[in-house]
Amino acid sequence: MKNIDVVALCGSLRSASLNRRAIRLAQEVMPAHMAIEELDWRAVPILDADELAHGYPAPVAALRARIRAADAVLIATPEYNFSIPGGLKNLIDWLSRGEDQPFNGKPVAILSASPGPLGGARVQYDLRKVLLFVNAMPLVKPEVFIGGAAAKFDAETGACTDATTRDFVTQQMAAFARWTEAVQRMQGDTPAARS
């Protein structure tokens, strides 16, 4: 079985973000043949067409290359004002510029954690629209909305303390592995095709 290389983007920059904790949970419960690396995007500037005219800033170029090389992308994000956090949207806008944008044909899984009861449901629907436009391949089900998330992760260690949440994320990561493999088969992406 081929290893699956996944990169993760957290929609919140806060070090103790509930969504960063959700990524760590995904890393704990992912299938054995999957690896998830969280990418740091703090250095990405505000999208500026004048700057883009001179080429991609180094942080953007590095992220584009890493995402392009990965088999799949996991996005964990909070919901800001019923939608996508501005920083995450800006990042996607930068990454999506150019014919060689890295989301094209890329399997993507989304999860969201929120202190509120809906668990970030609205952000996921807006994010799916954006991902479809950049020709990504979003995993449809299972959806994971972690509502009341502050009570489901230990405040000190960040570990998930809720068995139901752990089970939902485990199911999603298993489905994500199957989806990634299915997309690769559809695209003829085999080890022989890559060499």
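Everything in this summary refers to the structure shown in the same document. Just so you know, these numbers come straight off a predicted model, no measurement behind them.

1. Considerations on the nonpolar core
In this structure, L74, M173 and F176 are the most contacted members of the largest nonpolar core, which totals 29 residues. Elements that contribute at least two residues to this core include exactly strand 1 (4-10), helix 1 (18-29), strand 2 (34-38), strand 3 (72-76), strand 4 (107-113), strand 6 (144-146) and helix 6 (163-186). The element best represented in this core is helix 1, accounting for 6 residues. In this view, F176 contacts V6, M34, A72, V73, L74, P107, V108, A109 and L139; residues no more than four positions away in its chain are not counted. Membership of the second largest hydrophobic core comes to 26 residues, among which are V60, I67, A70 and L91.

2. A few points about the pattern of salt bridges
Across all of its chains, the model carries 10 salt bridges by this definition. The partner of R20 in a salt bridge is E38, with the nearest N and O atoms 2.7 Å apart. Taken together, the residues span a long stretch of sequence, with R20 in helix 1 and E38 in strand 2 at a distance of 18 residues. Among the residues examined, R20 registers a relative accessible area of 11% and is labelled buried. Note that D93 and K89 form a salt bridge whose closest N and O atoms lie 2.9 Å from each other. Remark: K89 and D93 occur in helix 4 (residues 86-95); sequence separation between them is 4 residues, near one turn of the helix. For K89, a relative accessible area of 30% corresponds to the partly exposed category.

Cut-offs and rules
Residues numbered from 1 in each chain as written. Predicted model: local features only at pLDDT ≥ 70, side-chain atom pairs only at ≥ 80, totals over all residues. Heavy atoms only, no water. Core = buried A, V, L, I, M, F, W, Y, C linked by side-chain atoms within 4.5 Å. Buried < 20%, exposed > 50% of the residue type's maximum accessible area, 1.4 Å probe, protein only. Helix = DSSP H or I, 4+ residues; strand = E, 2+ residues; numbered from the N terminus. Contact = heavy atoms within 4.5 Å. Salt bridge = Lys/Arg side-chain N within 4 Å of Asp/Glu carboxyl O.

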